[in-house]
Amino acid sequence: MTRNSSWLLKRYPTGMPGPDDFLLEDLPAPAAGPGELLVRTLWLSVDPYMRGRISPAKNYAAGLKIGDVMRGGGVGEVLQSESPGFKAGDIVQADDFGWQPMTVISGKTAMALDPAAAPVQASLGCLGMPGLTAYFSLLDVGSPKEGETVLISAASGAVGQIAGQIARIRKLDPVAVAGSDAKLAWCRSIGYRAGVNHRTAADLADAVAAACPQGVDVFIDNTAGPIHDAAMSSLNLFGRVVIVGTVALADRFGQPDLGLRHLRRILVTRARIQGFLLDDFVQSYVAARAQLLAWYRQGLLETREDISSGIDTAPHAFIRMLKGENFGKQLVKL
Ligand SMILES: NC(=O)c1ccc[n+]([C@@H]2O[C@H](COP(=O)([O-])OP(=O)(O)OC[C@H]3O[C@@H](n4cnc5c(N)ncnc54)[C@H](OP(=O)(O)O)[C@@H]3O)[C@@H](O)[C@H]2O)c1
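Heads up: these notes are all about the structure in this document. Remember, predicted model here, so these are calculated numbers, not experimental data.

### Notes on the side chain of Ser 137
Okay, step 1: Locating Ser 137 in the fold gives a position in helix α2 (residues 129-141).
Okay, step 2: At 2.7 Å, the side chain of Ser 137 and the backbone oxygen of Thr 133 are in polar contact.
Okay, step 3: Of note is the side chain of Ser 137, whose polar atom sits 3.3 Å from the backbone oxygen of Ala 134.
Okay, step 4: Setting aside residues up to four positions removed in sequence, Ser 137 forms contacts with Gly 142, Ile 220, Val 242, Val 244 and Phe 276.

If you want it as structure tokens, here you go:
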């Protein structure tokens with residue numbers, strides 16, 4: 001019988017997840033039931049939200065149980081279809097791939113891809129969940145006006161690289177926060193005007209103020225933590241702060257984000273802080289995807305991927321992304 005090397009959740013990590021929190025096991029090859037697809041995995045996406053899924057802490061979506069196969073976004077080739085609308089050989093993307101070479105996914109949420117339109121793994125990056133997150137967090141929640149300064153943290157990452165380029169396309173003034181000078185140099189090459197290295201700045205608030213001489217009108221907060229505090233001190237009148245993610249808290253998930261309180265600053269600036277969850281924009285995905293694809297095909301969206309090879313590397317890829325060692329959208333290629 002063909003075996004299926006699968007990563008299981010061995011225990012809930014305390015602090016930063018480590019390799020020992022996962023277990024590689026040979027499972028029997030799966031088969032698709034009614035409404036399902038059996039898929040050969042080609043690409044897996046590792047994303048910060050998975051930190052929440054491997055914690056018992058309350059979250060916006062249900063988490064994994066100990067012993068469950070790790071799950072996340074993926075792209076694969078259909079081997080067996082028990083779902084109308086799909087056939088063997090189709091290339092599909094879905095959010096419920098197992099970390100395994102062969103996986104069963106629901107036909108309800110799978111999306112057929114056209115490999116001629118764009119590289120299929122772009123459906124996990126600029127044309128998928130991270131691209132849509134960049135699009136809606138900036139354009140809908142951030143409500144930017146032409147010329148405004150938009151500060152974006154994790155700026156070279158999956159979401160940040162697209163947010164910065166949408167800001168450039170929309171004639172905004174994008175400023176990057178990233179964790180290395182190489183990342184910042186790349187951010188400038190795709191249209192960020194300036195950048196702040198949050199790992200080397202002597203005083204992060206001063207560095208943000210120097211990079212944003214007109215102040216910050218929109219802050220796309222992908223990290224929380226000290227970057228959040230630094231950005232808040234440059235917030236302009238009627239500024240908009242979009243809380244997209246808290247990846248800087250990956251090593252203390254579920255604990256309070258201790259830092260400065262900004263209530264006086266918010267009162268004085270009459271700024272708005274709003275949480276963001278992509279699922280709230282599901283009605284608008286089709287139009288946003290079409291716009292992202294159009295920009296991509298016009299050569300207006302550059303993408304950078306950080307690719308790890310082989311199912312064995314999945315936990316390593318996930319952990320290095322949480323630690324900020326990825327440079328671009330972190331993927332695993334099988
Ligand atoms: N709310 C939603 O619906 C939604 C949807 C998608 C993504 N998100 C959120 O968006 C954020 C970005 O996601 P992504 O997929 O694009 O990840 P990513 O930016 O590709 O990778 C994570 C990045 O976070 C930065 N980072 C890690 N640890 C950090 C720390 N201690 N302090 C500061 N920065 C740190 C690192 O960049 P640097 O070293 O360059 O700073 C790292 O490259 C995440 O917080 C994610 O949860 C939210």
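Having seen it, we continue.
### Observations concerning the layout of surface pockets
Okay, step 1: Volume-wise, the second largest pocket comes out at about 250 Å³.
Okay, step 2: Lining the second largest pocket are 14 residues; nearest its centre among them are Leu 113, Asp 114, Ala 117, Leu 127 and Leu 293.
Okay, step 3: Broken down by secondary-structure element, the contributors of at least two residues to the lining of the second largest pocket are β7 (111-112) and α8 (285-297).
Okay, step 4: The element that contributes the greatest number of residues to the lining of the second largest pocket is α8, accounting for three residues.
Okay, step 5: When its residues are assigned to classes, the lining of the second largest pocket shows eleven nonpolar, one polar and two charged.

### Let's talk about the environment of Phe 219
Okay, step 1: If you trace the backbone, Phe 219 turns up in strand β11 (residues 216-221).
Okay, step 2: On a C-alpha basis, the gap between Phe 219 and Val 175 in space is 9.5 Å, while along the polypeptide they are 44 residues apart.
Okay, step 3: Once residues within four sequence positions are removed from consideration, Phe 219 is found in contact with Leu 151, Ser 153, Ile 227, His 228, Ala 231, Arg 240, Val 241 and Val 242.

### Some words on the side chain of Ser 6
Okay, step 1: Among the secondary structure elements, Ser 6 is positioned in strand β1 (residues 3-9).
Okay, step 2: For Ser 6, a relative accessible area of 0% puts it in the buried group.
Okay, step 3: A distance of 2.8 Å separates the side chain of Ser 6 from the backbone oxygen of Asn 4, its partner in a polar contact.
Okay, step 4: In this view, Ser 6 contacts Leu 23, Leu 24, Glu 25, Leu 27, Trp 99 and Gln 100; residues no more than four positions away in its chain are not counted.

### Some remarks on the packing of α2 against α8
Okay, step 1: Closest axis-to-axis distance for the α2/α8 pair is 10 Å, and the angle between their directions is 105°. When the axis of α2 is compared with that of α8, the two are roughly perpendicular. Here α2 contributes Gly 131, Leu 132, Tyr 135 and Phe 136 to the contact with α8, which in turn contributes Tyr 285, Ala 288, Arg 289, Gln 291, Leu 292 and Trp 295.
Okay, step 2: Here the residues of the contact of α2 with α8 are counted per class, giving seven nonpolar, two polar and one charged.

### Considering the site of the ligand
Okay, step 1: Within the structure, the ligand sits among 27 residues, and Val 159, His 198, Arg 199, Asn 222 and Asn 326 are positioned closest to it.
Okay, step 2: Separating an oxygen atom of the ligand from a side-chain N or O atom of Lys 183 is a distance of 3.1 Å.
Okay, step 3: At 2.8 Å from a nitrogen atom of the ligand is found a main-chain nitrogen or oxygen belonging to Phe 276.
Okay, step 4: Put simply, the parts of the chain that give the shell around the ligand at least two residues each are α2, α3 (158-169) and α9 (314-322).
Okay, step 5: For the shell around the ligand, the two domains that each supply at least three residues are domain 1 (3-125 + 304-333) and domain 2 (129-279).

### What to know about the nonpolar core
Okay, step 1: Grouped together as the largest cluster of nonpolar side chains are 40 residues, with contacts concentrated most on Tyr 135, Phe 136, Leu 138, Ile 166, Ile 220, Phe 276 and Leu 292.
Okay, step 2: Secondary structure elements with two or more residues in this core: α2, β8 (149-153), α3, β9 (173-178), α4 (181-189), β11 and α8.
Okay, step 3: Both domains that meet at this core, namely domain 1 (3-125 + 304-333) and domain 2 (129-279), each give it at least three residues.
Okay, step 4: Beyond its immediate stretch of four places on either side in the chain, Leu 292 contacts Cys 126, Leu 127, Gly 131, Leu 132, Tyr 135, Ile 162, Ile 166 and Leu 301.
Okay, step 5: In this structure, Trp 7, Met 70, Phe 97 and Leu 322 belong to the second largest nonpolar core, which totals 29 residues.

### A short note on the sheet that holds strand β10 (residues 194-197)
Okay, step 1: The parallel open sheet is built from six strands, whose spatial order is β10-β9-β8-β11-β12-β13. Pairing within the sheet leaves two strands with one partner each, and these edge strands are β10 and β13 (272-275). Across the sheet, the mean angle from the axis of one strand to that of its neighbour is 15°, orientation sign disregarded.
Okay, step 2: The pairing of β8 with β9 spans five bridges and is parallel. Residue Ile 152 lies in a different strand from β9, and its bridge partner there is Ala 176.

### Let's talk about the packing of aromatic side chains
Two descriptors summarise a pair of aromatic rings, namely the distance from one centre to the other and the angle between the planes of the rings.
Okay, step 1: One pass over the full model with this rule turns up nine aromatic pairs.
Okay, step 2: Between the aromatic rings of Phe 22 and Phe 318, the centroid separation amounts to 6.3 Å while the plane-to-plane angle is 85°, which identifies the pairing as edge-to-face. With Phe 22 in strand β2 (residues 22-28) and Phe 318 in helix α9, this residue pair connects regions lying 296 residues apart in the sequence.
Okay, step 3: Taking relative accessible area as the criterion, Phe 318 reaches 0% and is therefore assigned buried.
Okay, step 4: Ring centres of Tyr 135 and Trp 295 lie 6.2 Å apart, and the angle between their planes is 45°; this geometry places the pair in the tilted category.

Rules behind the numbers
Residues numbered from 1 in each chain as written. Predicted model: local features only at pLDDT ≥ 70, side-chain atom pairs only at ≥ 80, totals over all residues. Heavy atoms only, no water. Helix = DSSP H or I, 4+ residues; strand = E, 2+ residues; numbered from the N terminus. Polar contact = N/O pair within 3.5 Å; in protein donor to acceptor, adjacent residues only side chain to side chain. Contact = heavy atoms within 4.5 Å. 1 Å grid on protein atoms, 1.4 Å probe; cavity = no way out; pocket = protein on both sides within 12 Å on 5 of 7 lines; lining within 4 Å. Points joined across faces, edges and corners; volume = space filled by probe spheres on them. Nonpolar A, V, L, I, M, F, W, Y, C, P; charged D, E, K, R; others polar. Buried < 20%, exposed > 50% of the residue type's maximum accessible area, 1.4 Å probe, protein only. Axes fitted to C-alpha atoms, helices over the stretch in contact; angles between N-to-C directions. Parallel < 35°, antiparallel > 145°, perpendicular 65-115°, else oblique. Near = heavy atom within 4 Å. Domains from an automatic or database assignment. Core = buried A, V, L, I, M, F, W, Y, C linked by side-chain atoms within 4.5 Å. Pairing = 2+ DSSP bridges. Phe/Tyr/Trp six-rings, centres within 6.5 Å; stacked < 30°, edge-to-face > 60°.

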